[in-house]
Amino acid sequence: MEFLKELWLFLRFRKKLWLAPIIIIILMLGMLLIMVEGSVVAPFVYTLF
């Protein structure tokens, strides 16, 4: 949690809040790939990327 707090403070201090949605989307895609890696859906998800 400390990393997320520091990241948020950095984004606010440097006026880079436009990066927050990009970081969130990248994290969500990473979580999706981790969650489906052992399932039946995995071949279909990997064809998208």
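Each remark here, short or long, concerns the structure printed above.
As the structure is a prediction and not an experimental result, all values here were calculated from the model. (Residues numbered from 1 in each chain as written. Predicted model: local features only at pLDDT ≥ 70, side-chain atom pairs only at ≥ 80, totals over all residues. Heavy atoms only, no water.)

Asker: Just checking my understanding: could you explain the overall build of the protein for this structure?
Answerer: Secondary structure summary: the protein contains three helices and zero strands in total. When the helices and strands of the protein are listed from N to C terminus, the series reads α-α-α. Considering only C-alpha atoms, the protein reaches an extent of 45 × 20 × 10 Å along its principal axes. A total of 49 residues make up the protein; the buried ones form 10% of that total. As presented, the protein carries roughly 4600 Å² of accessible surface, and 77% of it is formed by carbon and sulfur atoms. (Helix = DSSP H or I, 4+ residues; strand = E, 2+ residues; numbered from the N terminus. Buried < 20%, exposed > 50% of the residue type's maximum accessible area, 1.4 Å probe, protein only. Areas by Shrake-Rupley, 256 points an atom, 1.4 Å probe, with all protein chains shown as cover.)

Asker: Would you mind showing me how to read helix H1 (residues 2-13) here?
Answerer: Given 3.6 residues to a turn, an α-helix orients residues that are three or four positions apart in the same direction. Taking 1.5 Å per residue, 12 residues should reach 16 Å; H1 reaches 16 Å between its end C-alpha atoms and fits that length. One or two residues past the end of H1 sits Lys 15, with phi positive at roughly 60°. (Expected span 1.5 Å × (residues − 1).)

Asker: Teacher, can you tell me more about unusual backbone geometry here?
Answerer: Most peptide bonds adopt trans geometry, and most residues besides glycine take a negative phi value. Here the phi dihedral of Lys 15 falls at roughly 60°; this positive angle occurs in a residue that is not glycine. Inspection of the secondary structure puts Lys 15 in the loop between H1 and helix H2 (19-35). Using a relative accessible area of 68% as the deciding quantity, one classes Lys 15 as exposed.

Asker: Please clarify how a nonpolar patch on the surface should be interpreted in this entry.
Answerer: On the surface, Met 1, Phe 3 and Leu 4 cluster together to form a nonpolar patch covering roughly 420 Å² of accessible area. You can see Phe 3 is positioned in helix H1. (Patch = residues over 30% accessible without salt bridge, like charges linked within 9 Å, V, L, I, M, F, W, Y side chains within 5 Å. Salt bridge = Lys/Arg side-chain N within 4 Å of Asp/Glu carboxyl O.)

Asker: Would you mind showing me how to read the environment of Ser 39 here?
Answerer: Here Ser 39 shows up in the loop between H2 and helix H3 (42-48). Note: C-alpha distance between Ser 39 and Met 1 (38 residues apart in sequence) is 29 Å.

Asker: Where do I start with the environment of Phe 13 in this structure?
Answerer: Within the secondary structure layout, Phe 13 lies in helix H1. Between the C-alpha atoms of Phe 13 and Glu 2, which are 11 residues apart in sequence, the distance is 16 Å.

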